[in-house]
Amino acid sequence: MLRHHLGRAITEPQRRRWVSLLMDAADEVGLPDDPEFRAAFAGYIEWGTRLAVQNSQPGAEPPPLAPVPRWGWGVAPPYQP
């Protein structure tokens, strides 16, 4: 996955815009608005987009066999007020 971003020179404003679009899309498709879910989802998106920026810069050489973590939900039950 990291190699898909090679040479694209993604900027920080582009990264932030992509995060914003993904969060808007989550709302549009009806993903849960539960605070814990959204925090986990946003954290994963932030992590991934920051890696994309790093690996898109000139001269970046991501490791050839780097594992890609799998995001999941269900580690803890949603918060019930």
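The structure contained in this document is the topic of the report that follows. Since the model is a prediction, treat every value here as computed from it, not as a measurement.

What follows deals with the nonpolar core. In this structure, Val 19, Met 23, Ala 26, Phe 37, Phe 41 and Ile 45 together form the largest nonpolar core, which totals 6 residues. Mapped onto this core, the elements with two or more residues apiece are α1 (12-28) and α2 (35-56).

With respect to the helices, strands and loops of the structure, Arg 3 is situated in the segment before α1. For the pair Arg 3 and Glu 61, spaced 58 residues apart in sequence, the C-alpha separation works out to 8.4 Å. If sequence neighbours within four positions are ignored, Arg 3 has contacts with Pro 62 and Pro 64.

Attention now goes to α1. Across its 17 residues, α1 extends 24 Å between first and last C-alpha, which sits within 8% of the 24 Å expected from 1.5 Å per residue. Of all the positions in α1, only Arg 15, Val 19, Met 23 and Ala 26 are classed as buried. Relative to the axis of α1, the buried residues are bounded by an arc of 70 degrees and lie together on one face. Elements that come into contact with the buried residues of α1 comprise α2.

How each quantity is defined
- Residues numbered from 1 in each chain as written.
- Predicted model: local features only at pLDDT ≥ 70, side-chain atom pairs only at ≥ 80, totals over all residues.
- Heavy atoms only, no water.
- Core = buried A, V, L, I, M, F, W, Y, C linked by side-chain atoms within 4.5 Å.
- Buried < 20%, exposed > 50% of the residue type's maximum accessible area, 1.4 Å probe, protein only.
- Helix = DSSP H or I, 4+ residues; strand = E, 2+ residues; numbered from the N terminus.
- Contact = heavy atoms within 4.5 Å.
- Expected span 1.5 Å × (residues − 1).
- Arc of directions from axis to C-beta.

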